[in-house]
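# Remarks on the overall topology
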Amino acid sequence: MPTDLTVDHADVTLAVRDHGGSGVPLLLIHGAGRTLADWSGIAEELVADHRVLSMDLRAHGRSERGTERWTSAAVLGDIEAVLNACGVPEAVLVGHSLGGMLAALYADAHPHTPGAINLDGFGLGRPEHYAGLDPQTVAEGLDRARQFARAASGQAFPPEGLETVRAQQAAMADQLGFAPELLEEGIQRSLGETGDGQLYLRPERERGVEMLDALEELDMFAVYRRLTRPLLLVRGTRLADQGPELAWFGELMAAHLKGLETHLAALAADRPHIAVHTLDASHAMLLERPRALAELVRSFTSGLDLRS
């Protein structure tokens, strides 16, 4: 049975889940605006031959928001504290979306890390990663996407609006083919309340905007090119339907998928310790394809030289 615990580090208390198991230790790291609940299905698959941990990032889920600004450096310190507190300083890091970017950053900063897995953690990338669109269109689209993300960050709603949130999540689950019940724990872990009784989904606005700022500063391809540890990059090949109001975003992301295919192939050809795998899934791959992802993780860890 999974055990929930807390780890104190610097200005935060972090929520951690020990899923149990034995074997190669793993730390599972969720994406922006998500929680450790996303990993439940994959963790169940992996505990047979791995020691599995997951955590809520600072300002997410049931981890504290912290008194300091949200930065990637602060979060990497949190990750190190969790690994040390749980007695697995040389765990393999497996992250989704933002979590995948953090996994790669951590492996870059900690050469003792056996390896890292990034599941669809490519952010908005750089303009050169968009195929088939002119630079001006890409620049305008990226600016629009960033403004949209900032406006949505920590957006408050009345208590009765929670059912609307659940309905939206259920519609997404139906579109992508997984049970909406898989989202309920994440919703409950993410719920915050303002001083006037409104609700919001964590992170709250201030920390959420800081997180978006930190994401914009990252150049992940520069990280990949200097990384010396084994790295698996998994890219989803499908886009979820965003609806007519966000059709512009779907067009932008389709161009991004095409551009990433080319740039990731070139990266893997030049860096033998970096493997790239595609998966028939959307960005919500943790919930769509937990068994397939668990097999990819297992294949990766079985090939690591854990003596180095």
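Before reading on, note that the structure itself is shown above.
Residues numbered from 1 in each chain as written. Predicted model: local features only at pLDDT ≥ 70, side-chain atom pairs only at ≥ 80, totals over all residues. Heavy atoms only, no water.

### Details of the side chain of Arg271
Residue position: Arg271 is located in the loop between α9 (247-270) and β10 (274-279). On the basis of relative accessible area, Arg271 is assigned to the buried category, the value being 18%. Polar contacts involving the side chain of Arg271 include one to the main-chain carbonyl oxygen of Arg225, which spans 2.9 Å. Contacts of Arg271, omitting those with residues within four sequence positions, involve Tyr224 and Arg225. (Helix = DSSP H or I, 4+ residues; strand = E, 2+ residues; numbered from the N terminus. Buried < 20%, exposed > 50% of the residue type's maximum accessible area, 1.4 Å probe, protein only. Polar contact = N/O pair within 3.5 Å; in protein donor to acceptor, adjacent residues only side chain to side chain. Contact = heavy atoms within 4.5 Å.)

### Here we look at the pairing of strand β6 (residues 116-119)
Residues Ala116 and Asn118 line one face of β6 and the alternating positions Ile117 and Leu119 line the opposite face, and both faces are buried. The pairing of strand β5 (residues 92-96) with β6 spans four bridges and is parallel. Bridge pairing links His96 to Leu119 in β6. Read as a crossover between parallel neighbours, the route from β5 over helix α3 (residues 98-109) to β6 is right-handed. (Pairing = 2+ DSSP bridges. Right-handed = clockwise from strand over helix to strand, strands pointing away.)

### Some details on the nonpolar core
Of all hydrophobic cores here, the largest spans 45 residues; its most connected members are Ile79, Leu102 and Tyr224. Sort the elements by how many residues they give to this core and α3 lands first, with eight residues. If near-sequence neighbours (up to four positions away) are discounted, Ile79 is found in contact with Leu27, Ile29, Met55, Leu93, Leu102 and Tyr106. Listed in part, the 24 residues of the second largest apolar core include Leu28, Leu119, Leu232 and Leu304. (Core = buried A, V, L, I, M, F, W, Y, C linked by side-chain atoms within 4.5 Å.)

No statement about biological role is implied by the geometric values presented.
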